[in-house]
Amino acid sequence: MRRWLPLILLLVVSSAFAQTTPNRDILGAHDLSVASSPLHGTMSSACLYCHVPHSGTGKGPLWGQTFSSQTYTLYNSTTLQNEPQQPVIGEVSSLCLSCHDGTVAPGLSVPYGKFFTTGTMENLVGAQLERSHPFSLRLPLKDAPHLVATLAASGATSDSTGSVKLINGNVECSSCHNPHNQFLDKNSSSFLVRDGKAGAICLSCHETQPRTVNSQSNPLATWPSNIHETSVAAVKANSGWGNYATVGDFACASCHAQHNAGGASGLLRNPTGLINIDTTSQSCYSCHGGGDKLVQALPNVFTEMAKRGHPYASDTNQHSVTEPTILMQNRHTTCVDCHDSHGSKQVMTFSTPPGIRPSQNGARGVSSDGTLLAAASQQYETCLRCHGTSTGKLAPESFGYLPSRLATGGDQLNLIPQFGSASISAHPVMRDRNSPGTQPSLLSAMWNIDGTTAGRLMGTRLFCTDCHNSDVNREFGGIGPNGPHGSVNDHILERRYVASEVAAGTFPTGGPGSPIINPNPNPPTSPSSGGPYSLCAKCHDLTNVLSDVTFPKHSKHVNELGISCSVCHSAHGVPAGGSGLNGQRLVNFDIKVVAPNAGVISYSGTSCTLRCHMADHTSSGVTKVVP
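(A) View of the nonpolar core. Formed by 18 residues in total, the largest nonpolar core has its most connected members in Val 567, Phe 589, Val 593, Val 594, Tyr 603, Leu 610 and Cys 612. Among the elements that take part in this core, strand β16 (residues 608-612) stands out by supplying 3 residues, more than any other.

(B) Structural view of the pattern of salt bridges. By the definition in use, this model includes 17 salt bridges. Ionic pairing is found between Arg 138 and Glu 83, a salt bridge with its closest N-O pair at 3.5 Å. Of this pair, Arg 138 sits in the loop between β4 (117-119) and α3 (149-154) while Glu 83 sits in the loop between β1 (39-41) and α2 (92-100); the two residues are 55 residues apart in sequence, bridging distant segments of the chain. On the accessibility criterion, Arg 138 (45% relative accessible area) is partly exposed. One salt bridge connects Lys 307 with Glu 304, and the closest N-O pair in it is separated by 3.1 Å. Within this structure, Arg 357, Arg 456, Asp 466 and Glu 475 form a network of salt bridges that share partners.

(C) Just unusual backbone geometry, in detail. Residue Leu 139 is joined to Pro 140 through a cis peptide bond whose omega torsion reads 0 degrees. Within the secondary structure layout, Pro 140 lies in the loop between β4 and α3. A cis amide bond links Phe 507 to the next residue, Pro 508, at an omega of 15 degrees. Inspection of the secondary structure puts Pro 508 in the loop between β13 (486-487) and α12 (534-537). Despite not being glycine, His 613 shows a phi value in the positive range, around 40 degrees. Position of His 613 relative to the elements: it lies in the loop between β16 and β17 (615-618). The class of His 613 is buried, set by a relative accessible area of 12%.

(D) The state of the cysteines, seen in detail. Taken as a whole and assessed by the stated rule, the structure comprises 0 disulfides. No disulfide involves Cys 47; its sulfur sits 8.8 Å from that of Cys 50, the nearest cysteine.

(E) Highlighting the side chain of Asp 159. For Asp 159, the position within the fold is in the loop between α3 and α4 (173-176). Taking relative accessible area as the criterion, Asp 159 reaches 9% and is therefore assigned buried. Side-chain polar atoms of Asp 159 contact the side chain of Thr 161, separated by 2.8 Å. What Asp 159 contacts, discounting residues up to four positions off in sequence, is Val 164, Arg 194 and Ser 204.

(F) Structural context of the packing of aromatic side chains. One pass over the structure, following the stated rule, counts 7 aromatic pairs. Taking the centre distance of 5.5 Å and the plane angle of 75 degrees together, the rings of Trp 241 and Phe 250 count as edge-to-face. There is no split in this pair, since Trp 241 and Phe 250 are both buried. Between Tyr 285 and Phe 302, the ring centres sit 5.2 Å apart and the planes meet at 65 degrees, which makes this aromatic pair edge-to-face. Linking Tyr 285 in helix α7 (residues 279-288) with Phe 302 in helix α8 (residues 301-305), this pair joins segments that are 17 residues apart in sequence. With a relative accessible area of 3%, Tyr 285 lands in the buried category. Residue Phe 302 is classed as partly exposed on the basis of its relative accessible area of 27%. Taken together, Trp 241, Tyr 244 and Phe 250 form an aromatic cluster joined through their ring pairs.

Cut-offs applied
- Residues numbered from 1 in each chain as written.
- Predicted model: local features only at pLDDT ≥ 70, side-chain atom pairs only at ≥ 80, totals over all residues.
- Heavy atoms only, no water.
- Core = buried A, V, L, I, M, F, W, Y, C linked by side-chain atoms within 4.5 Å.
- Buried < 20%, exposed > 50% of the residue type's maximum accessible area, 1.4 Å probe, protein only.
- Helix = DSSP H or I, 4+ residues; strand = E, 2+ residues; numbered from the N terminus.
- Salt bridge = Lys/Arg side-chain N within 4 Å of Asp/Glu carboxyl O.
- Disulfide = S-S within 2.5 Å.
- Polar contact = N/O pair within 3.5 Å; in protein donor to acceptor, adjacent residues only side chain to side chain.
- Contact = heavy atoms within 4.5 Å.
- Phe/Tyr/Trp six-rings, centres within 6.5 Å; stacked < 30°, edge-to-face > 60°.

This is the structure we're talking about:
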């Protein structure tokens, strides 16, 4: 009888868990009776480390291991619908925690005392359960748009194999783990209840089809066919993620960790530990930050951000999926402000503006009329989350000199009045090109970054990223990531653009009207020159501009005096309502450089009235000011 005891115990335990029949071979690391287990002891039966036929705890399936009395820190987040509770001793999850919280020595049997063990206990979750997927939830379960409809309604998951299931109507450890079989998923050693490839276990409870619950839409509805589902990018065997082959195989687990997550809220992997970078962005950098997780590294966004990049969120201002669409402060740039990690798709070809590119599929936005959009359809709409009507915008000097325009529309950091349909003239970002005048300098195609290769054909619209982009972006011939993550140039500009400045102080030694302190006379006009106006040369023939075809004083100001286009022209547009300006051809003076002449700053379309570079300008001519 004695020699049959282990087999009897196995059959009893199998019935209790209603799982597959365990045996010595498939117990894996839970078979502490063999030396190959990371933690092993001297008992002859694997079962006796957890179960005893007599005199056990009186709770659970003939449970013999001493229960933990630990009070746990529970999972929480701004999106939490079902609140976790302290696991009840004797319930399923407490059995697992009697070893895996690390407070009770494995083999500390209630009836027999401590069995000697050697080795190291692996996969501890500790007392910080806020870093693990929530379980032992408060019942009844509450429905949510990201959950399958049957979960709260009838307690059924969508797992067609029936392996992923609620335990007594609740999510418990054994909803996902089978403690008696380590190898149901041959690519994972985590005792999963089934093959978890492509997120099969996660998606048994989490819905990826459109659902609306309590007026909230399913944030996972963009998951099907997104790049993190379909990617065949190979994951290195030593990535630390597991043994699946590709990012698509890992699916949810590419970004999320079910236990011991680095970024607790959202269970993000957050593996890098980079300081001053929010946890959300850090998770993206596992693959997009030049890390060593993938066989073939992706373009390095982290390197771009480390240039002159959009600022990361501060420690006290982390991203939340519940935050408003319009972000009411400046220092809050995370990857997911512009990208939806559940909806992004790979950019295979570079489409024409203004439609949003696949990499930003699903990202929220703001239309040019201020309408909040659950998913932006045009690229600039994602930019308007921060660069529109939001409050608290800043203009840090670290991004370079910023002109102050005569006509501002009220808030010169709000781009809607400058680009919108009411603006007098504008680069065609929010509306089609509609200049009434001729544009002889406009090229038929944009130059690539090298300035010698023709890029995208000139159309009737522009992207924000046609000017604000990485200086090595792929669209225009570089090898880096596309988009305004960062650049070596001021204001995250793709190419060099120098604005004229004057000294600080009061006229005539400084201030508006005083001499330009950084002149660039006779600048090179070739788009490949890297000159001070290379950004303009991307679309405009500077030789034509300086031939004075459209304005007779271009050459005088730019070539002879070395004055930048920025003194007279806004790069964005001219809001309606500016006093003294007809607003055509983006003429909107920089009033840090230009001063009134007898109280007037104006432009009639043919002549100016103002003071600049120590000269008074009127329709009658220019008079040098002698201090």
